[in-house]
Amino acid sequence: GQAAIPDRHAIVVANHASYLDGLVLCAAIPGPLSFVAKDQLRGQLVAGTLLRRLGAIFVRRVDPRGGVEDTDAVLGAARRGERIATFPEGTFTRMPGLLGFRLGAFAVAAQAGVPVYPAVIRGTRSVLRAGQWMPAAGRVAVAVGAPMRAEGTDFRAATRLRNAVRAHMLQALGEPDLAA
C-alpha cells in the first residue's frame, strides 16, 4: 500500500533496518529523492559513491555548528521543492525494532510547511543484516502512509510531529519499541 507522494515538497521518513533501505525506497517511490545521510558515509567507497551520485545531502551529527549549517541546507532543499528522504533513527541494528527518532527532518518539515510521508520498510533486515555483505533471498515490502503535517513552525510543533509519525510507524511496523 502506498499513499501518493507528490513530485515536489515532500519529506519521506522511513525506518532503517539495512544498507538496502535507500535502494528499496528508490525502487518503491517513483521519481527523484534527495537523501539525507550522515557525513561519515561521504568517504566510504561504495556507499559514499552511490550517495554522492544520488545527490545526497550530508549532515554532521556530532558537530553542533556544522549540524546547524547542514540543517539549513536540508531546509533550503525542502523550500525549493525537493523530495527529501531520510531515516530518522540515524542508524540500524541487527535486533528488530524501531529506535528513537532524531528531530531534524521534523524541524525542517515544520519550518518549511512540508508534509511528512511515513514509510515502513519490511524485510530488508533479513535480506542484508548488519555486519553482512552478501544478501540473502527474501521478500521486501514498503508501505507509505498518509501525509502528516506539523501544527506550527516551532520546536514543539516539530516534536509533536516526530512523536505522531513515530507512533504511526511503530504500529504499522509491528516491531518492538527500542527508544528506551
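These notes cover the structure that comes with them. Every chain is numbered on its own, with residues counted from 1 as its sequence reads. With pLDDT at 70 or above as the cut-off, local features in this predicted model cover only qualifying residues; side-chain atom pairs require 80 or more to be listed or tallied, and sums for whole chains, interfaces and linings still use all residues. Computation of side-chain values: all heavy atoms of the structure, hydrogens and water removed.

## Let's talk about the overall build of the protein chain
We apply this condition: Each helix corresponds to a stretch of at least 4 residues labelled H or I by DSSP, and each strand to a stretch of at least 2 residues labelled E; elements are numbered beginning at the N terminus. When a residue's accessible area, from a 1.4 Å probe over protein chains only, is under 20% of the maximum for its type it is buried; when over 50% it is exposed; and in between it is partly exposed. Note on contacts: a residue pair is in contact if any heavy atoms of the two residues lie within 4.5 Å. With residues, only the protein chains shown are counted as cover, and all accessible areas are computed by Shrake-Rupley using a 1.4 Å probe. The positive count covers Lys and Arg only, the negative count covers Asp and Glu only, and His and the chain ends enter neither. Where a charge lies is defined by one atom per residue type: Lys uses NZ, Arg uses CZ, Asp uses CG and Glu uses CD.
Counting secondary structure elements, the protein chain contains six helices and six strands. Helices and strands in the protein chain line up, N terminus first, as β-α-β-α-β-α-β-α-β-α-β-α. For the protein chain, the spread of C-alpha atoms along the principal axes amounts to about 45 × 35 × 35 Å. Put simply, the protein chain has 180 residues, and 46% of those count as buried. Contacts in the protein chain between residues at least 24 apart in sequence constitute 69% of all its contacts with a sequence separation of at least 6. If you sum the accessible surface of the protein chain, you get close to 9400 Å²; carbon and sulfur atoms cover 56% of it. With 22 positive and 13 negative side-chain charges, the protein chain shows a spacing of 4 Å between the two charge centroids.

## Quick word on the pattern of salt bridges
Our working definition: Salt bridge, as used here, is a side-chain nitrogen of Lys or Arg placed within 4 Å of a carboxyl oxygen of Asp or Glu.
Counted under the stated rule, the structure contains four salt bridges. Between D39 and R42 there is a salt bridge, and its shortest N-O distance comes to 2.7 Å. Take D39: its relative accessible area is 26%, and that puts it in the partly exposed class. Across the pair E175 and R125 runs a salt bridge, and its minimum N-O distance is 3.2 Å. Pair noted here: E175 is in the segment after α6 (155–173) and R125 is in helix α5 (residues 124–127), with a separation of 50 residues, a long-range link. On the basis of relative accessibility, which here comes to 25%, the residue E175 falls in the partly exposed class.

## Focus on the pairing of strand β6 (residues 141–144)
The test is simple: A pair of strands is treated as paired once DSSP finds two or more bridges between them.
Residues V142 and V144 point to one face of β6 and are all buried, whereas A141 and A143, pointing to the other face, are not buried. Pairing of strand β5 (residues 116–122) with β6 involves four bridges; the strand directions are antiparallel. Across the sheet, the residue bridging to I121 is V142, located in β6.

## A look at the packing of helix α4 (residues 104–112) against α6
Put simply, the rule reads: To define axes, lines are fitted to C-alpha atoms, for helices over the stretch in contact only, and angles between the resulting N-to-C directions are given on a 0 to 180 degree scale. An angle counts as roughly parallel when it lies under 35 degrees, as roughly antiparallel when it exceeds 145, as roughly perpendicular when it falls between 65 and 115, and as oblique in every other case. In this scheme the handedness of a crossing depends on how the near helix is turned from the far one: anticlockwise by less than a right angle means left-handed, clockwise means right-handed. Any residue that is not Ala, Val, Leu, Ile, Met, Phe, Trp, Tyr, Cys, Pro, Asp, Glu, Lys or Arg is counted as polar, Gly included; the first ten are nonpolar and the last four charged.
Their axes nearest at 8 Å, the elements α4 and α6 cross at an angle of 120°. Comparing the axis directions of α4 and α6 gives the class oblique. The crossing of α4 and α6 is right-handed. On α6, the residues touching F106, A107, A109 and A110 of α4 are A158, L161, R162 and V165. Taken together, the residues that form the contact of α4 with α6 break down as seven nonpolar, no polar and one charged.

## Focus on the sheet that holds strand β1 (residues 10–14)
If you trace the six strands from one edge of the open sheet to the other, you get β3-β2-β4-β1-β5-β6, paired in mixed fashion. Every other strand in the sheet has two partners, leaving β3 (57–59) and β6 as the edge strands with one partner each. Neighbouring strand axes in the sheet, compared pairwise and without regard to direction, differ in orientation by 25° on average. This element, helix α1 (residues 21–28), spans β1, β2 (34–38), β4 (83–86), β5 and β6 of the sheet and lies at about 115° to β5.

## Looking at α1
Put simply, the rule is: The directions considered for the arc run from the helix axis to the C-beta atoms.
Those residues of α1 that sit buried are D21, G22, V24 and L25. Taken end-on, α1 shows its buried residues confined to a sector of 160°, consistent with a single buried face. The secondary structure elements touched by the buried residues of α1 are β1, β2, β4, β5, α5 and β6.

## So, the pairing of β5
Moving residue by residue along a regular strand, the side chains alternate between the two faces of the sheet. Within β5, six of the seven residues are buried, which leaves it mostly tucked inside the rest of the structure. In terms of strand pairing, β1 meets β5 through four bridges, oriented parallel. Bridging from a neighbouring strand, I11 pairs with V116 of β5.

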